[in-house]
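Overview (structure and organization)
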Amino acid sequence: MLTVIGLMSGTSLDGVDAAVIRTDGERTETCGPSLSLPYEPHLRSRMRDLLDRSASLTQDDPELISVEQLITFRHIEAVQQLRLIIPDIDLIGFHGQTILHMPDCHRTWQIGDAVRMSRETGLPVVHDFRSADVAAGGEGAPLVPWYHAAILGKAPKPLAVLNIGGVANMTFIGADHTICACDTGPGNALLDDWAFRHTGRACDFDGQLARAGKVNHTLLEQMLDNPYFSRPAPKSLDRQTFISALDIIADCTPEDGAATLAAFTVEAVRRTPLPAKPAIWYICGGGRHNPSLMNGLRHALEVPVESIDSIGWDGDALEAQCFGFLAVRVLRKLPLSAPMITGTPDMRSGGRLTCIGLSPIPEWLFGGV
């Protein structure tokens, strides 16, 4: 077992989640403290601008380099704060910030300076979790199903886990413990963009806008008329895949637009094809704090829908914990990819290890855990 700090900065662009986990990459012994460090508004705005032009960016773009360093520094701050509580950390799992995800073009791009992270923390860093999967013909996402299966091994099945970040992704675990997964559709990203446009606030806090509005079902059907929803799983999305939805609802009131976007997220989940009907859905990620989304899911899915916190897990820390878990899987060369999770032709590992300034290099880094 290793003590790992997992780091995640998701497509909601709200900040860095960090969590301590003790794991061997197959089982989780304990979960330690966690924290979230928000990005300041100007940095978030710069990140959002990078997303809009990510397809044309080059790695030597000055703005990209500047933003990458600022993001990396925020992640380092998170590591430093957790090490004040748990000093004896073995490893860091550093996801970075996705700015482009186009698996159909064999491209996925997460920014973050792993060399600087390793140098300034004095710890080995596992990073670049998605590239090998995409190069092998996979979707590169979602990766969190491995962790969902590990922590819910004893839970009654079939069940489904829905993570609502900027994009929403689903893990289905069958009665026979088989796993399938995919991105279901938009999560919070469109709602966040809409709320910021109309209120200047980073998101629709407590679903206030959406709860005050009415769903425009005609416009909702236009949004759902997208080839993505007829594709079989596994499948994954870029944050910007459904950005045209904001144009579709451009003439709505702020409240009706938010209600329609919330319904879009919910209906995309409802229409996701599954091998069997889950007995229960567990919800994690920031979207579970939005009553409009949670109420919509409970109405649409017609089975119990609960926050994953209800069974003792921290739904805000789960993805950060996951990348600590996956970091150890990388060291042990355990699979990150699988045909029914990411769509690769077989099960295979991935990720990269960076060790800068470690002397001596721990033997366990290359000899298993």
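What this report covers is the structure whose coordinates are included nearby. None of the values given here were measured: they were computed from a predicted structure.

1. Structural notes on the sheet that holds strand β7 (residues 159-164)
- A sheet is described by the order of its strands in space; here 5 strands give the open sequence β9-β8-β7-β10-β11, paired in mixed fashion. Where the open sheet ends on each side, the last strands, each with one partner, are β9 (179-186) and β11 (305-307). For this sheet, the mean inter-axis angle between neighbouring strands, taken without regard to orientation, is 25°.
- Where strand β10 (residues 281-284) lies against β11, 3 bridges are found, and the strand directions are parallel. Paired with I283 across the bridge in β11 is S307.

2. Details of the packing of helix α1 (residues 41-52) against helix α2 (residues 62-85)
- Packing of α1 against α2 brings their axes to within 10 Å, and their N-to-C directions diverge by 135°. Regarding the angle of α1 to α2, the classification is oblique. Both α1 and α2 take part in a crossing whose hand is left-handed. Facing L43, R46, M47 and L50 of α1, the residues of α2 in contact are E63, L64, S66, V67, L70 and I71.
- Broken down by class, the residue content of the contact of α1 with α2 amounts to 7 nonpolar, 1 polar and 2 charged.

Cut-offs and rules
Residues numbered from 1 in each chain as written. Predicted model: local features only at pLDDT ≥ 70, side-chain atom pairs only at ≥ 80, totals over all residues. Heavy atoms only, no water. Pairing = 2+ DSSP bridges. Helix = DSSP H or I, 4+ residues; strand = E, 2+ residues; numbered from the N terminus. Axes fitted to C-alpha atoms, helices over the stretch in contact; angles between N-to-C directions. Parallel < 35°, antiparallel > 145°, perpendicular 65-115°, else oblique. Left-handed = near helix turned anticlockwise from the far one by under 90°. Contact = heavy atoms within 4.5 Å. Nonpolar A, V, L, I, M, F, W, Y, C, P; charged D, E, K, R; others polar.

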